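These are the residues of each chain, in order.
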Amino acid sequence: YYISPTKIISMAFLTNGLYLFYWFYITWKHYQDTTGESVYPVWHALSLIVPIYNLFRIYKHVQTFKTLMSDRNLPNSLHPFWTIILFIVLSFLDWFSFQNAINDITNRTIVTASFLNLLSAVALSGMLIQLQKNFNDYWDSLLEAVSGKSNLTAAKITMPEIILVGIGLLTWLEPLMLIFNPS
């Protein structure tokens, strides 16, 4: 279940932040696979689009892994509250970027909106890398407990990720097309 920082950074940028939905889904699916608990990864990921409720789901997501790691006496740097704060900041950045671009379509507002999207992707990458580092440590501890050795294999690129990259690239290309062909 290893997801590398390189993959997270690449996917966060290429999908223009949409990777968060897939990451939320796949890490909850991994949780389901390893614990056998009856959880719903698709609904869990879709909860991100529901204002206010999404904050509770994000908190639960991070807290669940924090508890799993604590139960195995694994050190971790998971902080559900600060993850929520960062998510709120990301949401405001995305909202402001969208409002900026939609209210007044000029080269300046498009560049500003694109910069804010880029800033949001950087912050999202940082948040997911910090969380995934802890999750990788947890998966590694499970593998070591079962096989006696530590050797996580990197997650492969999946079709849903390729689709998200396609959609993300289109969202990055749209502002460029408006700048170079404003009519």
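Higher on the page you've got the structure.
Attention in this report is confined to the structure presented alongside it.

Rules behind the numbers
Residues numbered from 1 in each chain as written. Predicted model: local features only at pLDDT ≥ 70, side-chain atom pairs only at ≥ 80, totals over all residues. Heavy atoms only, no water. Salt bridge = Lys/Arg side-chain N within 4 Å of Asp/Glu carboxyl O. Helix = DSSP H or I, 4+ residues; strand = E, 2+ residues; numbered from the N terminus. Buried < 20%, exposed > 50% of the residue type's maximum accessible area, 1.4 Å probe, protein only. Expected span 1.5 Å × (residues − 1). Lys, Arg positive; Asp, Glu negative; His and termini not counted. Polar contact = N/O pair within 3.5 Å; in protein donor to acceptor, adjacent residues only side chain to side chain. Contact = heavy atoms within 4.5 Å.

Points about the pattern of salt bridges
A complete count under the given rule lists 3 salt bridges for this structure. A salt bridge links D33 to K29; the nearest nitrogen and oxygen atoms lie 3.0 Å apart. Remark: K29 and D33 occur in helix α2 (residues 19–35); sequence separation between them is 4 residues, near one turn of the helix. Residue classification places K29 among the partly exposed residues on the basis of a relative accessible area of 26%. When the shortest N-O distance is used, the salt bridge between D137 and K133 registers 3.1 Å. Here K133 and D137 lie together in helix α6 (residues 107–147), a separation of 4 residues that amounts to about one turn.

Brief notes about helix α4 (residues 53–71)
Given a rise of 1.5 Å per residue, 19 residues ought to cover 27 Å, and the 27 Å separating the end C-alpha atoms of α4 matches this to within 8%. Residues of α4 that are buried: N54, L55, R57, I58, H61, V62, T64, F65, L68 and M69. Just past α4, the residue N73 takes up positive phi, approximately 55°.

Describing the side chain of R57
Considering the arrangement of structural elements, one finds R57 in helix α4. Here R57 occupies a buried position and makes no salt bridge, while the nearest side chain of opposite charge, E37, is found at 9.4 Å. Side chain to side chain, R57 and H44 meet in a polar contact 3.2 Å long. Leave out the neighbours within four places in its chain, and R57 touches F24, W28, H44 and S47.

Keep in mind these values describe shape, not function.
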